[in-house]
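Secondary and tertiary structure notes
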Amino acid sequence: MPANRGQSARTAPLDDPELTGLFPNQNPHPVMRMKDGRLVYANPASQAVLDAIGIGLGDPVPDDLRASIETACISGVPIELPGEGRTYELRAVDVADYGFTNIYGTDVTAAKALNKYPDQNPNPVLRISRDGILEYANPASELVCRGLGLVRGERVPDGLLARIRTMAADAEPAAMEVESDGRVFSVLVVAVFEFGSINLYGTDITASRQVERALAENERLLLNILPPSIATRLRNGEAVIADRIEAMTVLFADVVDFTAWASTAEATAVVSVLNEVFSRFDRLVDRHGLEKIKTIGDAYMVAGGLDEATRGDVAAVAGMALEMLDALETYRRDGGYDLHVRIGLHVGPTVAGVIGLRKFSYDVWGDTVNVASRLEAAGLPDRIQVTQETARLLAGRFAFEPRGPIALKGRGSIETCFLVGRV
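What you are looking at is a predicted structure, and each value in this text was computed from that prediction instead of being measured.

What follows deals with the overall build of the protein chain. Each helix and strand counted, the protein chain has 13 helices and 18 strands in total. Taken over the C-alpha trace, the protein chain has a radius of gyration of 41 Å; the compact-globule value for 423 residues is 22 Å, which it surpasses by more than 25%. Along the three orthogonal principal directions, the C-alpha set of the protein chain runs to about 130 × 50 × 45 Å. Buried positions account for 41% of the 423 residues belonging to the protein chain.

This is the structure we're talking about:
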């Protein structure tokens with residue numbers, strides 16, 4: 001109260017302009033005052049509220065409303081009151097010094113209308129105010145709120161709020177994914193400048209993500225069986241896939257005396273050892289851009305140059321062959337079994353294609369395959385045997401050690417070399 005007032009605040013009459021509300025009279029929002037259970041003041045903006053209650057100035061406030069006002073003074077929770085097509089929130093403040101209660105109304109009709117349809121929406125709808133408060137979240141938003149760590153009426157965490165504001169500033173609406181309790185939601189961020197807020201619209205995409213994961217797993221399994229280009233052709237509906245390749249590089253590797261060892265070893269040990277060795281070879285296949293064709297028992301077959309999309313060629317296969325020997329030496333040094341391999345490598349024309357309807361496979365046929373297999377079979381442990389023709393293709397990039405003539409089934413006596421390293 002200004003110091004020049006002649007009366008103290010405690011003794012000022014109720015018609016004192018400062019108490020009856022010189023300024024509340026100008027307030028566009030309802031302002032009322034209750035004393036001893038009666039309405040002793042109401043500004044002009046309060047008329048719609050008074051009409052809804054059915055009272056006038058000086059009338060007693062209905063018992064139920066008076067009890068709600070008294071509770072609101074303690075809890076701070078507003079009272080919602082409809083009136084003449086409008087909805088008001090009434091906040092009550094106890095002014096103990098004067099023995100009355102002030103009641104301040106806010107027209108929340110627009111906000112209620114804004115929430116009316118989202119409340120019924122089966123998809124999540126959230127609204128963040130300009131100052132970063134989650135001011136609305138419909139019932140369907142429970143999981144999204146949980147996933148983002150949001151609580152209605154509280155401020156959005158700073159990091160998340162910054163991200164949402166950045167997304168809202170984009171020219172095109174942007175979405176983020178939210179996971180919660182095994183569900184996945186795509187949440188679209190939209191700035192609603194007319195209401196000074198940012199809206200979040202969620203869509204449950206759990207089923208589509210499950211389908212995507214299943215397709216990705218199917219793709220992974222398919223690519224474990226077929227080269228990528230062949231898998232694409234199969235998906236595109238080619239009934240018969242068969243190609244003649246003029247210069248395919250074929251490698252065969254066989255673990256020396258593995259069959260004899262496997263006949264006396266525990267089954268789990270056999271599978272475990274072979275899996276470890278072949279897994280190391282698989283990683284080399286991927287590194288060099290080659291294609292693992294198949295394994296037959298303890299034999300391992302690789303090809304390079306399947307098609308234009310395949311990076312693998314004769315040099316890549318030769319490089320992998322050398323690294324296979326290194327990988328097996330590392331395996332022995334790391335405490336693995338004392339295993340050794342023979343490797344045969346040859347380049348030439350082949351036919352490649354997909355065979356079978358059930359458990360189909362991609363395979364390669366032709367004399368080149370036979371020669372590579374027989375070079376391996378006629379080779380020596382931890383050596384890579386190639387023909388003179390293959391050595392000429394690799395000349396200048398790799399070093400060779402002549403072996404001399406050997407007899408190969410179906411080819412007679414031919415000159416071979418051992419690939420011993422890079423130049």
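The rest of the description comes next.
Aromatic ring pairs are defined here through the distance separating the ring centres and the angle between the ring planes. Evaluation of the coordinates by the stated rule reveals six aromatic pairs. Through pairs of rings, three or more aromatic residues link up here, namely Phe-258, Trp-261 and Tyr-337. Seen from the ring of Phe-100, Arg-33 lies directly overhead, with NZ or CZ sitting 4.5 Å from the centre. Positioned over the ring face of Phe-418 is Arg-383, at 4.3 Å from the centre of the ring.

Taking strand neighbours across the sheet as the criterion, the five strands line up as β7-β6-β10-β9-β8 in an open arrangement whose pairing is antiparallel. Among the strands making up the open sheet, the edge pair consists of β7 (134–137) and β8 (174–180). On average, each strand axis in the sheet is tilted by 25° relative to the strand beside it, whichever way the strands run. Bridging between strand β6 (residues 125–129) and β7 involves three bridges; their strand directions are antiparallel.

The final tally for this structure, using the stated rule, is one cavity of 30 Å³ or more. The computed volume of the largest cavity comes to approximately 60 Å³. Around the largest cavity sit Met-32, Leu-39, Leu-50, Ile-53, Ile-55, Val-61, Leu-65, Ile-69, Leu-90 and Ile-103, which together line it. Of all the elements in the fold, those that place two or more residues in the lining of the largest cavity are α2 (47–53) and α3 (63–75).

The biggest cluster of nonpolar side chains holds 40 residues, and the ones touching the most others in it are Leu-251, Tyr-300, Met-324 and Ile-343. At the level of secondary structure, the elements contributing two or more residues to this core comprise β11 (242–255), α10 (267–288), β13 (299–304), α11 (314–333), β14 (341–355), β16 (383–387), α13 (388–394) and β18 (412–422). If you tally residues by element for this core, the top one is α11, at 13 residues. Here Tyr-300 is in contact with Leu-251, Phe-252, Ala-253, Phe-278, Phe-281, Asp-282, Val-285, Lys-292, Lys-294, Thr-295, Met-320 and Met-324, once residues within four sequence places are set aside. With 22 residues, the next largest nonpolar core counts Met-167, Ala-174, Phe-185 and Val-189 among its residues.

For the rest of this paragraph, the subject is the side chain of Asn-102. One can find Asn-102 in strand β5 (residues 100–107). For Asn-102, a relative accessible area of 9% translates into the label buried. A polar contact of 2.8 Å, which involves the side chain of Asn-102, links it to the side chain of Arg-33. Setting aside anything within four residues of it in sequence, one finds Asn-102 in contact with Met-32, Arg-33, Arg-91, Ala-92, Val-93 and Val-95.

Right, let's talk about the pairing of strand β9 (residues 183–192) for a bit. Note that β8 and β9 share seven bridges and pair antiparallel. Paired with Ala-174 across the bridge in β9 is Val-189. Where β8 folds back on β9, the antiparallel hairpin that results is connected by two residues, among which Asp-181 adopts a positive phi of roughly 50°. The pairing of β9 with strand β10 (residues 197–204) spans eight bridges and is classified as antiparallel.

For the rest of this paragraph, the subject is unusual backbone geometry. Backbone geometry follows two general trends: most residues other than glycine have a negative phi, and most peptide bonds adopt the trans configuration. Not every positive phi belongs to a glycine, and Asp-257 is a case in point at roughly 55°. Along the chain, the position of Asp-257 falls in the loop between β11 and α9 (258–262). The backbone of Asp-382 shows a phi angle near 60°, a positive value even though the residue is not glycine. Positionally, Asp-382 belongs in the loop between α12 (367–377) and β16. Residue classification places Asp-382 among the partly exposed positions, given a relative accessible area of 25%.

It is worth spelling out the pattern of salt bridges at this point. By the definition in use, this model includes 19 salt bridges. A salt bridge links Arg-209 to Glu-212; its shortest N-O distance comes to 2.8 Å. In this pair, Arg-209 and Glu-212 both sit in helix α7 (residues 206–225), three residues apart, roughly one turn of the helix. In this structure, a network of salt bridges that share partners links the residues Glu-142, Arg-146 and Asp-181.

Definitions and cut-offs
- Residues numbered from 1 in each chain as written.
- Predicted model: local features only at pLDDT ≥ 70, side-chain atom pairs only at ≥ 80, totals over all residues.
- Heavy atoms only, no water.
- Helix = DSSP H or I, 4+ residues; strand = E, 2+ residues; numbered from the N terminus.
- Rg over C-alpha atoms; globule rule 2.2 N^0.38 Å.
- Buried < 20%, exposed > 50% of the residue type's maximum accessible area, 1.4 Å probe, protein only.
- Phe/Tyr/Trp six-rings, centres within 6.5 Å; stacked < 30°, edge-to-face > 60°.
- Lys NZ or Arg CZ within 6 Å of the ring centre and 35° of its normal.
- Pairing = 2+ DSSP bridges.
- Axes fitted to C-alpha atoms, helices over the stretch in contact; angles between N-to-C directions.
- 1 Å grid on protein atoms, 1.4 Å probe; cavity = no way out; pocket = protein on both sides within 12 Å on 5 of 7 lines; lining within 4 Å.
- Points joined across faces, edges and corners; volume = space filled by probe spheres on them.
- Core = buried A, V, L, I, M, F, W, Y, C linked by side-chain atoms within 4.5 Å.
- Contact = heavy atoms within 4.5 Å.
- Polar contact = N/O pair within 3.5 Å; in protein donor to acceptor, adjacent residues only side chain to side chain.
- Salt bridge = Lys/Arg side-chain N within 4 Å of Asp/Glu carboxyl O.

Interpretation in functional terms is not warranted from these geometric data alone.
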